[in-house]
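Listed below are the residues making up each chain.
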Amino acid sequence: MSFKADRHARVVIIGGGVLGCSLAYHLARAGEAEVLLLEKAQITNGCTWHAAGLVGQLRGKRNLTRLMQDSVAVFDRLESETGQAIDWRKVGSLRLASSPARWSEIRRAMTQARGFGFECHSLSPAEAKRRFPYIELDGVVGAAFIPSDGYVDPYALTQAFAKGARAKGARIEEGVCVRDIVREGRRAVGVVTEGGTIGCDILVNCAGLWAKRIGEMAGVALAAGVVEHQYFVTEKTLDFEPDLPTLRDPDKNFYLKPDVGAFAIGGWEDGTKGCWRGRPPFEFGRELLDANMDRLELFALPCAERLPVLNDTGIQSVINGPIPVSADGEPIMGLAPELDNFYVACGFTAGIAASGGAGHTMANWILHGDPGMDLWPFDVRRFGAPHANARYLEARAIEAYGNYYKIHWPGEESRAGRGLRRSPLYQRLKAHGAVYGAKFGWERPNCFTWHGREDIERPSFEDKPGWFDTVGAEAHAIRERVALIDQSSFAKFEIQGPGAARFLQGLAANNLSSPPGRCVYTQLCNAKGGIEADLTIMKLAEDRFYIVTGSGFGVRDGHWIRTHMPDDGSVQMRDATAERAVINICGPHAREVLQAVTDEDVSNAALPFLSVAEIGIGYAAVRAARVGYVGELGWELHIPVEYAAHVYETLMQAGQDFGIANAGYRAIESCRLEKGYLYWSADIGPDDSPYEAGLGFCAALDKGDFLGREALAAIKDKGVERKLCSFTVEGFAPFHGGEAILKDGTVVGQTTSAGFGHVLSKSIAFGYLPRDLAKEPSFEIEAFGTTYTAVRGPRCHYDPDNARLKA
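The text that follows walks through the structure, step by step, so that each part is easy to find. (Residues numbered from 1 in each chain as written. Predicted model: local features only at pLDDT ≥ 70, side-chain atom pairs only at ≥ 80, totals over all residues. Heavy atoms only, no water.)

1. Some words on the packing of helix H5 (residues 154-167) against helix H8 (residues 351-368)
Okay, so step 1: Contact pair H5 / H8: the axes reach a minimum separation of 11 Å and the direction vectors enclose 20°. Comparing the axis directions of H5 and H8 gives the class roughly parallel. When the axes of H5 and H8 are compared, the crossing they make is left-handed. Residue-level contacts link Pro154, Leu157 and Phe161 of H5 to Ile352, Ser355 and Gly356 of H8.
Okay, so step 2: Here the residues of the contact of H5 with H8 sort into four nonpolar, two polar and no charged. (Axes fitted to C-alpha atoms, helices over the stretch in contact; angles between N-to-C directions. Helix = DSSP H or I, 4+ residues; strand = E, 2+ residues; numbered from the N terminus. Parallel < 35°, antiparallel > 145°, perpendicular 65-115°, else oblique. Left-handed = near helix turned anticlockwise from the far one by under 90°. Contact = heavy atoms within 4.5 Å. Nonpolar A, V, L, I, M, F, W, Y, C, P; charged D, E, K, R; others polar.)

2. What to know about the layout of surface pockets
Okay, so step 1: In this structure, the second largest pocket occupies an estimated 930 Å³ of space.
Okay, so step 2: Taken together, 40 residues line the second largest pocket, and the ones lying closest to its centre are Gly369, Asp370, Asn526, Glu532 and Trp560.
Okay, so step 3: Elements with a contribution of two residues or more to the lining of the second largest pocket: strand S17 (332-335), H8 and helix H14 (554-564).
Okay, so step 4: For the lining of the second largest pocket, the element with the most residues is H14, which contributes six residues.
Okay, so step 5: Taken together, the residues that form the lining of the second largest pocket break down as 14 nonpolar, eleven polar and 15 charged. (1 Å grid on protein atoms, 1.4 Å probe; cavity = no way out; pocket = protein on both sides within 12 Å on 5 of 7 lines; lining within 4 Å. Points joined across faces, edges and corners; volume = space filled by probe spheres on them.)

3. Some words on the sheet that holds strand S27 (residues 580-586)
Pairing between the strands of a sheet comes from backbone hydrogen bonds, and it takes one of two forms, parallel or antiparallel.
Okay, so step 1: Pairing is mixed across the open sheet formed by six strands, whose spatial order is S28-S29-S30-S27-S21-S31. A single partner strand is all that each edge strand has here, and the edge strands are strand S28 (612-617) and strand S31 (661-662).
Okay, so step 2: Bridge count between S27 and strand S30 (residues 634-640): seven bridges; the pairing is antiparallel. Opposite asparagine 584, over in S30, you have glutamate 636 as the bridge partner.
Okay, so step 3: Each of strand S21 (483-486), S27 and S31 touches helix H12 (residues 468-480); the most contacted strand, S21, lies at about 115° to it. (Pairing = 2+ DSSP bridges.)

4. Some words on the sheet that holds strand S26 (residues 572-575)
Okay, so step 1: Taking strand neighbours across the sheet as the criterion, the five strands line up as S23-S24-S25-S22-S26 in an open arrangement whose pairing is antiparallel. At either end of the open sheet lies a strand with only one pairing partner, and these are strand S23 (518-525) and S26. Taken pair by pair, the neighbouring strands of this sheet meet at an average axis angle of 25°, ignoring direction.
Okay, so step 2: As paired elements, strand S22 (residues 491-496) and strand S25 (residues 544-549) share six bridges and run antiparallel to each other. Bridging across to S25, phenylalanine 493 finds its partner in isoleucine 547.
Okay, so step 3: Packed on one face of the sheet, helix H13 (residues 500-507) meets S22, S23, strand S24 (531-541) and S25 and runs near 35° to S25.

5. A few points about the side chain of histidine 758
Okay, so step 1: Its place among the elements puts histidine 758 in the loop between strand S34 (746-757) and strand S35 (762-770).
Okay, so step 2: Exposure remark for histidine 758: the relative accessible area of 10% places this residue in the buried category. (Buried < 20%, exposed > 50% of the residue type's maximum accessible area, 1.4 Å probe, protein only.)

6. Considerations on H8
Residues three or four positions apart in an α-helix share a direction because the helix packs 3.6 residues into each turn.
Okay, so step 1: Where H8 bends most, the angle comes to about 40°, and this point is glycine 357.
Okay, so step 2: In terms of burial, H8 is largely enclosed, as 15 of its 18 residues are buried.
Okay, so step 3: Phi turns positive one or two residues past the end of H8, at glycine 369, with a value near 75°. (Bend = angle between axes of the 7 residues up to and from the residue.)

7. A few points about the packing of aromatic side chains
Okay, so step 1: Within this structure, the stated rule accounts for 26 aromatic pairs.
Okay, so step 2: Judged by centre distance (5.8 Å) and plane angle (65°), the ring pair of tryptophan 376 and phenylalanine 553 falls under edge-to-face. Placement of tryptophan 376 in the loop between H8 and helix H9 (385-388) and of phenylalanine 553 in the loop between S25 and H14 is noted, with a sequence separation of 177 residues between them. A single burial state applies to tryptophan 376 and to phenylalanine 553, both of which are buried.
Okay, so step 3: Note on phenylalanine 468 and phenylalanine 732: the rings are 5.8 Å apart at their centroids and 90° apart in plane angle, and the pair reads as edge-to-face. In this pair, phenylalanine 468 is assigned in helix H12 and phenylalanine 732 in the loop between strand S32 (722-730) and strand S33 (740-743), connecting sequence segments 264 residues apart. (Phe/Tyr/Trp six-rings, centres within 6.5 Å; stacked < 30°, edge-to-face > 60°.)

8. A few points about the nonpolar core
Okay, so step 1: Ile13, Leu23, Leu157, Phe161 and Val204 are the most contacted members of the largest nonpolar core, which totals 50 residues.
Okay, so step 2: Those residues in contact with leucine 23, other than ones at most four positions away along the chain, are Ile13, Val204, Cys206, Gly359, Met362, Ala363 and Ile366. (Core = buried A, V, L, I, M, F, W, Y, C linked by side-chain atoms within 4.5 Å.)

Written out as structure tokens, the structure is:
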């Protein structure tokens, strides 16, 4: 039965905080005629009204920085455009390093900023004090200054967005609480309010603190939590210049915004409280929570050490209010995978700073189906149902909050919410010394410790981390002997039906017309030729396929595939992730070990590279695919979970004479860099074409039409403007990805991913270069203020003719 609403608007936005009002403004400004924003109380009444209002732009990725820069561009024009004052103060921001490790982190960020072309200045302690005279320099190592940062009045900013939206024809209705969402199939067709029903073509969840509850009404699981956040405002006894910048000292765990004759000071202390398991009552409104002075002291006392003036300045007020924090501390944006017309923009811990850019990006997403840039670190599809579990979410949100000003070490792992998803081999590998990391809730072995070394998880910015030698030994085992790697966390899908072959052939860039028993490495491209997914498709039968992708990409890739499936019932798709464990057996002796435990012929003639077949291992039936991510002879063994332990033990026993070893994901990373294999979300993504990335061999333009073919043909015909290149530095260099690539002292690119190739004893980095420079042999890579001479060479540095891989 079709839903009949009392009235209708094409786009309905739920939530009148700064994000909702910004989105309404940007939609209306872009020409959308029917925009209706519903606010249950009054606009700003959730957490916008008590936000501090700092605006910082620099993030670890170029596009995330662009999003924040877009906000500043909006703030720059908004007051003159709307006539509404927003008290935007572009006074700059000062970030102190009060420890050598923090200085390394800040210098890394400044190197990334240089790669972006973003203005950021390195200051000495004395220069920092000249910009902010109140600071005591004890322990300060250096500082970063960003002149285009500042602060804004959150209430006034939201009112300006609302005024601008109304002026362009958007409607904003206050005092209208959404109580339910009506669904028909994969669409949200309307909302139920206390004042009646409203139909819609597009529904957007900008509900802030209540985003999780609104998502649940639509059957959408959101990893949007709520925690307490405190700051205090001093008495108005201070006298400073109007251009005093904002100040952050993460080692002392505080931020500071100048106010009228006062400072507003907050922090990100450990041990904050989760609120309502992420589901606040709708009756909660313009309210604060009781101050917690014990927690306040955790940043107030260190702040007074850095700013002695506070010892003679009283506290006027303490603000303790609930704020949104997602399961990883980053915003949640985009089209929810559960529905075809339900968008989300929530989980913004720094919502004021992001509001202008986020509103603009979301408007693009809604109106054009494309945000205008790759925003994977903010994408709603990076989360799944495990992250939305209320207890898991609260634990992760509390940790993310407390980590906000902690040093973010390369390779650092979360400690909260651990142990949720475990491979059948978890306990066995733990007994062998597995040091686990987490991905999409899965416990995965990063490496294996020797004799219980306590320093193995010691991270580092500029030196070798504690796991360096262990990972090196595992990489050598892969290259020289034989190793087993538990990769059970792979996301896996089965697609079948009379229309499956035709559908996938029209979706994948590569050719899937080979007979059953073959694996195809392919990209799934968008209409512009950008890479939406990078995965392996195994053809099990003419009408049955098995798809394998990365652990963290299952929701995204599955959504992309489902979005393009025909609705005539000719294609069925199901998630098979939990059904099969995966063991990768790899190394020059992999065939000898495998042949010892199976009755099937696993010779190169019988099972060549890219083949897939059902074989027996010991007493178990296994799907063996001649593929891998380390660039070595090997098989991915996809095993029914109940047989996984038996298969592992059988292979381990058979491999003893060959020096078989366990290996983890850090060794995979080292080996894939040596082999020139790429990683989606770092080296390739929706903004990159296969031809730019050196993957043109996967674009089968002659097979017939497929999604993105027209764009790819045009790119190939015209030629690319940039190319992904590989760089090496002899010995160890502290590369982590994001470093600036220089030619004759000028920044010409940025590394996409980087690390150490243990077998080659070289540091390896990938990065895009302009076409006219892509054949030049010599470059420099800057890391932590030091430039390293880098040689641009072939993509593949190990086994370039694939003799070992195809042996």
